[in-house]
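Here is how the chains run, residue by residue.
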Amino acid sequence: MHHTTLLQVNELSRFYGPLQAVKNISFEVRQGEVLGFLGPNGAGKTTTMQMLTGNLAPSQGRIMVAGHDLFENPRAAKAAIGYLPEQPPVYRDLTVDEYLDYCAALNRIVRGKRRAARDAAKDKCSLNEVGRRLIGNLSKGFQQRVGIAQAIIHLPPVIILDEPTAGLDPIQIREIRHLVRELGKEHSVILSTHILTEVQTVCSHVQIINKGELVLNVSSDDLAQRMQSSVLTLRFRNMPDLSVIEKIAGVKNVESADDGSLRVYHEPSSDPTEALVTRSVEQHWGLAALIPQRASLEDIFLELTKGDVSQTGAAATHGDVRTPQDAENGGQP
Amino acid sequence: MIFTIARHELRRLFLSPLAWIILAVVEFILAWMFLQHIESFLTIQSQLLGMSGEYGITEVVVSPLFGNTAFVLLLVVPLISMRLVTEERRNKTLPLLFSAPLSMTEIVLGKYLGLYAFLLILLLLITLMPLSLLAGGGLDFGLLASGLLGLALLTGGFAAVGLFMSTLTQHQTVAAVSTFGTLLIFWLLDWARSGTGAGALAYLSLLNHTEPFLKGLFDTRDVVYHLLFIGTFLALSVRRLDMDRLGG
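These numbers come from a predicted model, not from an experiment. (Residues numbered from 1 in each chain as written. Chains lettered and ligands numbered in written order. Predicted model: local features only at pLDDT ≥ 70, side-chain atom pairs only at ≥ 80, totals over all residues.)

### Overview of the confidence of the model for chain A
All names here are of chain A.
Move 1: Across chain A, the average pLDDT comes to 81, with 87% of residues at or above 70.
Move 2: For chain A, per-element mean pLDDT is lowest for helix α12 (residues 313-318), which scores 36, and highest for helix α3 (residues 96-106), which scores 94.
Move 3: Across residues 308-333 the pLDDT falls below 50, and counting only partners more than four positions away or on other chains, this stretch makes 49 contacts in the model. (pLDDT = per-residue confidence, 0-100. Helix = DSSP H or I, 4+ residues; strand = E, 2+ residues; numbered from the N terminus. Contact = placed C-beta atoms within 7 Å.)

As structure tokens, this is what we get:
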């Protein structure tokens, strides 16, 4: 299960003048992981990715890529990284084949193997039919795929994709996600996005970054567990007293919503559904609706990025999310 | 690796109409001047015959032609060099180079050599004109070679300044104008005749270190001057691109 660590980031910070865009971020990525990097616009996702790929020098911190220090041995470290920036770095006046050949050469693939590398990359990104077309004439989705092909042409252990699905249509998005999942089997992939469903469908690990700080760092399974829980929406024809419901075993908190329904918060471990139904039948509350609700990633995301906890019951439920799970990752501010 | 980038740059230059048009226009202008020089040579030919010493067609035609070439290049190089880095910045393609396993020096040298190769092609085409005179007579090859070397060094300096200016900005016109301005100033530095430091200023002039070559005078000090000039601006370009990563 625990494969080799391919990317290790220690106490990474970046200042733009007095503004600290990235604050003491530490994390690591192992082989075969797809790490989703989530955050609102301006949270520091792109800055972090630029630092990981050597496009931006960090103010502090250390980055190890596949065992090579990015600053002491940049050539070896960069050879182990494939990077797709927010805007694919393509030359519009070249054909796809010419461009990929150039990328292969830049990444020091020996001459005899360039053709094979190019064909393999084109194959993975379904670019076979457009090899001889000018990149400038291709649609945005194809250009994005050319960008990805460029990032994987030298089969780097670490692939970093900055918003790979931005600006694409739904079909293209699905294709790219599929591609990312495929890539995640052999390489480790980091992708940034502000689309939450993307993380749920593609990633094995999730990090949420807000205002330069890492506020959540968990595996997708843990995240799913967090999202399971803990809220029931109930509607009764004869509304009982709230205090009665609060006394039922397992119920943490009850509040009535504007539309006349009740929101019942409970511990994930003790589900009061059965007790509630029994009570309702016994005391003729006239249960009309009972909907278990999953806290969506949106909830967690909004709550973490608002930085304002424990105002609402929902926040209280997930208040513990703030603590990053993996103690071994350490270095949280 | 440097040559990979150089080849790529050269190739992309020829993908744009700009390179072809510049080749055509420069060739046309210089052909016109070449014909004028030939004509003046024909009118004074009889007098030259009467003069003692070796004063022939190479002095009357080739040297002035190379002098003209130098000036035309001063106008033209900024137009070719302006897109070197500015365009990559604009199109956000620099990350491709920055995240590839390359050093900044390799990137800069690659771009520089790509541009320089283009300019050498231009020089070669221009040199074909005087070479055509071989059909009807002889040439002073020593003088020709010296003039060509001078032009090649001068062009190298132009290209280095152009590359540096294009690393400074996102706008091609800004790069072109500042390259042109810088080159013109270096060209005109020898106008400084009086006042303190005039000698030093004049010594820095590009013109003063190129004219001897055109007259057939090969001086290693001039060669060194040009190499230092080129080296300085290339080093500045490397620094400037490094600033891109450190900056903010």
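### With respect to the nonpolar core
Move 1: If you look at the biggest cluster of nonpolar residues, it comprises 135 residues, and the most contacted ones within it are Tyr-99, Ala-149 and Ile-160 of chain A together with Tyr-112, Leu-115, Ala-159 and Ala-160 of chain B.
Move 2: If you tally residues by element for this core, the top one is helix α7 (residues 141-168) of chain B, at 12 residues.
Move 3: Counting six residues, the second largest nonpolar core, distinct from the first, contains Leu-234, Val-264, Tyr-265 and Leu-276 of chain A. (Core = buried A, V, L, I, M, F, W, Y, C linked by C-beta atoms within 7 Å. Buried ≥ 20, exposed ≤ 12 C-beta atoms within 10 Å, placed from the backbone.)

### Some thoughts on unusual backbone geometry
All names here are of chain A.
Move 1: Even without a glycine there, the phi angle at Glu-11 is positive, about 50°.
Move 2: On the secondary structure map, Glu-11 appears in strand β1 (residues 5-16).
Move 3: Overall, the presence of 15 C-beta atoms within 10 Å leaves Glu-11 in the partly exposed class.
Move 4: A positive phi angle, close to 55°, is found at His-284, a residue other than glycine.
Move 5: Note on placement: His-284 falls in the loop between α10 (273-283) and β14 (287-293).

### Focus on the packing of α7 of chain B against helix α8 (residues 172-188) of chain B
Residue and element names in this part refer to chain B.
Move 1: Close contact between α7 and α8 brings their axes to 8 Å; oriented N to C, the two are set at 140°. Comparing their axes, α8 and α7 come out oblique. In this structure, α7 meets α8 at a crossing whose hand is right-handed. When α7 is examined against α8, the residues Phe-158, Val-161, Gly-162, Met-165, Ser-166 and Leu-168 are found in contact with a partner set consisting of Ala-175, Ser-178, Thr-179, Thr-182 and Leu-183.
Move 2: For the contact of α7 with α8, the per-class residue count stands at six nonpolar, five polar and no charged. (Axes fitted to C-alpha atoms, helices over the stretch in contact; angles between N-to-C directions. Parallel < 35°, antiparallel > 145°, perpendicular 65-115°, else oblique. Left-handed = near helix turned anticlockwise from the far one by under 90°. Nonpolar A, V, L, I, M, F, W, Y, C, P; charged D, E, K, R; others polar.)

### Here's the deal with the interface of chain A and chain B
Move 1: Taken together, the contact between chain A and chain B spans 24 residues of the former and 17 residues of the latter.
Move 2: Counting residues per element, the ones that place at least two in the side of chain A that touches chain B are α2 (74-79), β6 (81-84) and α3 of chain A.
Move 3: Split into classes, the residues belonging to the side of chain A that touches chain B amount to 13 nonpolar, seven polar and four charged.

### Quick notes on the domain arrangement of chain A
Move 1: When cut into domains, chain A gives domain 1 (5-225) and domain 2 (230-293).
Move 2: Spacing between the C-alpha centres of domain 1 of chain A and domain 2 of chain A amounts to 46 Å. (Domains from an automatic or database assignment.)

### Quick word on the sheet that holds strand β3 (residues 34-38) of chain A
By way of backbone hydrogen bonds, the strands of a sheet pair with one another, either parallel or antiparallel.
Residues and elements named next belong to chain A.
Move 1: Strand order across the open sheet formed by six strands is β6-β7-β8-β3-β9-β10, with mixed pairing between neighbours. Because the sheet does not close on itself, it has two edges, and the strands there are β6 and β10 (213-219). When strand polarity is set aside, the average angle formed by the axes of neighbouring strands in this sheet is 15°.
Move 2: Pairing of β6 with strand β7 (residues 158-162), which is carried by four bridges, proceeds in the parallel orientation. Following the sheet pairing, Ile-81 is matched in β7 by Val-158.
Move 3: Seen against the sheet, helix α1 (residues 45-52) touches β3, β7, β8 (188-193) and β9 (205-210) and runs at an angle of roughly 150° to β7.
Move 4: In the packing of helix α5 (residues 140-152) onto the sheet, contacts are made with β6 and β7, and the angle to β6 comes to roughly 165°. (Pairing = 2+ DSSP bridges.)

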